[in-house]
Amino acid sequence: MAPFITFEGIDGCGKSTQVQLLYSYLTNQGLKVSLLREPGGTSVGELIRSILLSNETSNLLPISELLLYSAARNQNIHENIVPALNDGVWVLCDRFKDATVAYQGYGLNLDLNLIKFLNDLVSQNRKPDMTILIDIDPNIALARARKRNLKNHNEEGRYEQESLTFFHQVRKGYLEVAKKEPGRIHIINGSQSINKIQNEIIQLIMPLLCTGEINGIP
């Protein structure tokens, strides 16, 4: 089965740029690669995304938010991720269930056991083979994200309206998850140049290219 690689990090960390760069690198190697994002990736998921990230839905309740993310992920797993992996296609996903732990669990203080239950339910207990966590100071990341939204007239800026304290909590959540699964989650310093981050990521995935094994397991 092909590798399943996810990218995580707070808004403005640079993960979306890096997942695109890795996609280009892998396709240039002649590999079949599926590039996905969450929420989104399916027709239903993209509609849900428009609700979750819209500047107009600041009154969305935390539990409603959690359930919408779970619904979008369920569609993505069934329609895209599992079929692609079964067909030998590499899957790169911009966010996956670690984001729910960090954002809805640590950021919004929802029950982590409830989140684990929903994550396991909709993802069929499937975990990424490798997760790239781009870690960065929330002060820098939030400034980047807000500047980007203004420049691009981005209508998906709901999270950027959150407080700096919220993003510190989300970052804490990501780092806590990484501590529990150091074999899967690889932390990269997001304050480095784009090229340096890209090179670190390529070095991390090189064993997959050379041997097709993950953590020594065929």
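Computed from a predicted model, the values in this text were never measured in an experiment. (Residues numbered from 1 in each chain as written. Predicted model: local features only at pLDDT ≥ 70, side-chain atom pairs only at ≥ 80, totals over all residues. Heavy atoms only, no water.)

1. Topic: the layout of surface pockets
Just so we agree on the cut-off: The definitions used throughout rest on a 1 Å grid laid over the protein atoms alone, on which a cavity is an enclosed set of points accommodating a 1.4 Å probe that cannot get out and a pocket is an open set flanked by protein within 12 Å on both sides along at least five of seven lines; lining residues are those having an atom within 4 Å of a point. Grid points are joined across faces, edges and corners, and a volume is the space filled by probe spheres set on the points. Secondary structure elements are taken from DSSP: a helix is a run of H or I of four residues or more, a strand is a run of E of two residues or more, and numbering for both begins at the N terminus. Gly is placed with the polar residues, together with every amino acid not listed as nonpolar (Ala, Val, Leu, Ile, Met, Phe, Trp, Tyr, Cys and Pro) or charged (Asp, Glu, Lys and Arg).
Of the volumes computed, that of the largest pocket is approximately 880 Å³. Surrounding the largest pocket, 40 residues form its lining, Gly12, Lys15, Ser16, Asp94 and Arg148 being those nearest its centre. Within the residue set of the lining of the largest pocket, elements represented by two or more residues are α1 (15-28), β2 (33-37), α3 (62-86), α4 (97-107), α6 (138-152) and α8 (194-211). Per-element tally for the lining of the largest pocket: the top contributor is α1, with 6 residues. When the residues that make up the lining of the largest pocket are grouped by side-chain class, the tally is 15 nonpolar, 13 polar and 12 charged. Of the volumes computed, that of the second largest pocket is approximately 400 Å³. Taken together, 15 residues make up the lining of the second largest pocket; nearest its centre are Val101, Lys116, Val177, Lys180 and Glu181. The set of elements that each furnish at least two residues to the lining of the second largest pocket consists of α4, α5 (112-123) and α7 (164-180).

2. Observations concerning unusual backbone geometry
Rules: Relative accessible area decides the class of each residue, using a 1.4 Å probe on protein chains only: under 20% of the type maximum gives buried, over 50% gives exposed, and in between gives partly exposed.
Cis geometry marks the peptide bond from glutamate 38 to proline 39, where omega comes out at -10 degrees. Despite not being glycine, asparagine 109 shows a phi value in the positive range, around 60 degrees. Along the chain, the position of asparagine 109 falls in the loop between α4 and α5. Exposure remark for asparagine 109: the relative accessible area of 63% places this residue in the exposed category. Here asparagine 125, not a glycine, exhibits a phi torsion of approximately 60 degrees, which is positive. Residue position: asparagine 125 is located in the loop between α5 and β4 (130-135). Take asparagine 125: its relative accessible area is 57%, and that puts it in the exposed class.

3. Quick word on the sheet that holds strand β3 (residues 90-94)
Sheets are built from strands that pair by backbone hydrogen bonding, the pairs being arranged parallel or antiparallel. Let me state the cut-off plainly: Strand pairing is assigned whenever DSSP detects at least two bridges linking the two strands. Think of each axis as a best-fit line through the C-alpha atoms, taken over the contacting stretch in the case of a helix, with angles from 0 to 180 degrees between the N-to-C directions. Two residues form a contact once any of their heavy atoms are found within 4.5 Å.
One open sheet holds the 5 strands; their spatial order is β2-β3-β1-β4-β5, and the pairing between them is parallel. A strand with exactly one partner marks an edge of an open sheet, and here the two such strands are β2 and β5 (185-189). Going from strand to strand, the sheet's axes swing by 20 degrees on average, the running direction of each strand aside. In this sheet, β3 lies alongside β2 in parallel orientation, the contact comprising 5 bridges. By the bridge assignment, arginine 37 is partnered in β3 with aspartate 94. Its contacts with the sheet put α7 on β1 (4-8), β4 and β5, and the angle it makes with β4 is roughly 140 degrees.

4. Some details on a nonpolar patch on the surface
Put simply, the test is: What makes a patch is a set of residues exposed beyond 30% relative accessible area and free of salt bridges, joined within 9 Å when like-charged and within 5 Å when nonpolar (Val, Leu, Ile, Met, Phe, Trp, Tyr). Computed with a 1.4 Å probe, the accessible areas rest on the Shrake-Rupley method; for each residue, only the protein chains presented here act as cover. Take a side-chain nitrogen of Lys or Arg and a carboxyl oxygen of Asp or Glu: if they are within 4 Å of each other, that pair is a salt bridge.
Where nonpolar side chains cluster on the molecular surface, the patch consists of Ile63, Leu67, Leu114, Phe117 and Leu121 and spans about 470 Å² of accessible area. The dominant element in the nonpolar patch, judged by the number of residues it contributes, is α5, at 3 residues. Within the element layout of this structure, isoleucine 63 appears in helix α3. The class of isoleucine 63 is partly exposed, set by a relative accessible area of 41%.

5. Re the packing of α4 against α7
What counts here: Here is the rule for angles: anything less than 35 degrees is roughly parallel, anything more than 145 is roughly antiparallel, 65 through 115 is roughly perpendicular, and the remaining ranges are oblique. Each helix crossing is assigned a hand: it is left-handed if the near helix lies turned anticlockwise from the far helix by less than a right angle, otherwise right-handed if that turn is clockwise.
Between α4 and α7, whose axes approach to 8 Å, the crossing angle comes to 135 degrees. Taken together, α4 and α7 sit at an angle that is classed as oblique. Between α4 and α7 lies a crossing whose hand is right-handed. Between α4, through Asp98, Ala99, Val101, Ala102, Tyr103, Tyr106 and Gly107, and α7, the contact on the second element is made entirely by Phe166, Phe167, Gln169, Val170, Gly173, Tyr174, Glu176 and Val177. Among the residues forming the contact of α4 with α7, the class breakdown is 10 nonpolar, 3 polar and 2 charged.

6. What about α5?
Rules: An expected span of 1.5 Å times one less than the residue number is assigned to each helix. This arc describes the spread of directions from the helix axis toward the C-beta atoms.
With 12 residues, α5 should cover 16 Å at 1.5 Å per step; its first-to-last C-alpha distance of 16 Å lies within 8% of that length. For α5, the full list of buried residues reads Ile115, Leu118, Asn119, Val122 and Ser123. Seen along its axis, α5 keeps its buried residues to an arc of 110 degrees; they face one direction. Residues Asn113, Lys116, Phe117 and Leu121 are exposed on α5 and point more than 90 degrees away from its buried face. Among the structural elements, α3 and α4 are those in contact with the buried residues of α5. Positive backbone phi, approximately 55 degrees, marks glutamine 124, located one or two places after α5.

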